[in-house]
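Survey of secondary and tertiary structure
Given next are the chains, with one letter for each unit.
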Amino acid sequence: MNERILIVDDEDPIRDVVGRYLHKDGFETLLARDGEEALRLVSDADLVILDVMLPSLDGLEVCRRLRAHGNVPVIMLTARRRVADRIVGLALGADDYVLKPFSPRELVARVQALLRRVAPRPLTDDVIRFDDLRINVQKRVAERAGTAIELTAH
């Protein structure tokens, strides 16, 4: 399944460009124009690209609320250039901070890097052994004394 990226920006051209570049790299996108809409859509997202300056509810408040209720990765996307603004965004829980104007290809690369970092690590193919019991967790196979044991989901 493709990861879903929520793009939150009140500027149509920004949402369109970022969306096109993400689609080109195989991502699905969700689009929001303001913070309220972002909070409604975030439960379906694997990562959020979040503008700071939004109508009704700014991106910093959205980020604060996201961190209060979950751990979805957040990349702040903003024209605010002051170091203090970046520090506030990162302190509130943003994982990365990209300044406008930006390279859409670099933004996609940052999305990919962040998703790689937060992706669950695959289980090893190691077999757990205890006396004559062998359990392969990744393959979900168990044997006792060489005889397969039927496993259930619970």
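On a predicted model such as this, the values are computed, not experimentally measured, just so you know. (Residues numbered from 1 in each chain as written. Predicted model: local features only at pLDDT ≥ 70, side-chain atom pairs only at ≥ 80, totals over all residues. Heavy atoms only, no water.)

The next subject is unusual backbone geometry. Note the cis peptide between K100 and P101, where omega equals -10 degrees. Considering the arrangement of structural elements, one finds P101 in the loop between strand 5 (96-99) and helix 5 (104-118). Positive phi values are uncommon outside glycine, yet S56 reaches one of about 70 degrees. Relative to the assigned elements, S56 resides in the loop between strand 3 (47-51) and helix 3 (59-69). Residues other than glycine seldom take positive phi values, yet A145 does so here, at roughly 55 degrees. Of note, A145 is situated in the loop between strand 8 (141-144) and strand 9 (147-149). Note on A145: relative accessible area 55%, which makes it exposed. (Helix = DSSP H or I, 4+ residues; strand = E, 2+ residues; numbered from the N terminus. Buried < 20%, exposed > 50% of the residue type's maximum accessible area, 1.4 Å probe, protein only.)

The five strands are arranged 2-1-3-4-5 in an open sheet whose pairing can be described as parallel. The open sheet has two edge strands with one neighbour each: strand 2 (28-32) and strand 5. With strand direction ignored, the average angle separating the axes of adjacent strands in the sheet is 20 degrees. Of the strand pairs in this sheet, strand 3 and strand 4 (residues 74-78) are connected by four bridges, and their pairing is parallel. Of the residues in strand 4, the one forming a bridge with I49 is I75. Docked against the sheet, helix 1 (residues 12-24) engages strand 1 (4-8), strand 2, strand 3 and strand 4, running at close to 170 degrees with respect to strand 2. The strands that helix 3 touches are strand 3 and strand 4; relative to strand 4, the one it contacts most, it runs at about 175 degrees. (Pairing = 2+ DSSP bridges. Axes fitted to C-alpha atoms, helices over the stretch in contact; angles between N-to-C directions. Contact = heavy atoms within 4.5 Å.)

On a regular strand, one side chain projects to one face of the sheet and the next to the other, so that they alternate. Note that strand 6 (residues 127-130) and strand 7 (residues 133-136) share four bridges and pair antiparallel. Following the sheet pairing, F130 is matched in strand 7 by L133. The antiparallel hairpin formed by strand 6 and strand 7 contains two residues in its connecting segment, where D131 sits at a positive phi of about 50 degrees. Here strand 7 pairs with strand 8 via four bridges, running antiparallel. Paired with N136 across the two strands is V141, which belongs to strand 8. Hairpin remark: strand 7 followed by strand 8, antiparallel, with four residues in the connecting loop; positive phi at R140, about 60 degrees.

Right, let's talk about helix 5 for a bit. Its 15 residues place the ends of helix 5 21 Å apart at the C-alpha level, agreeing with the 21 Å of an ideal helix rising 1.5 Å per residue. For helix 5, the full list of buried residues reads P104, L107, V108, V111, L114 and L115. The buried residues of helix 5 occupy an angular sector of 125 degrees when projected down its axis, which confines them to one face. Turned more than 90 degrees from where helix 5 packs its buried face, R105, R116 and R117 sit exposed. Those residues of helix 5 that are buried lie in contact with strand 1, helix 1, strand 3, strand 4 and strand 5. (Expected span 1.5 Å × (residues − 1). Arc of directions from axis to C-beta.)

The predicted model of the protein has a mean per-residue pLDDT of 90, with 95% of residues at 70 or higher. In the model of the protein, strand 6 stands out as the element of lowest mean pLDDT, 80, in contrast to strand 1, which has the highest, 98. (pLDDT = per-residue confidence, 0-100.)

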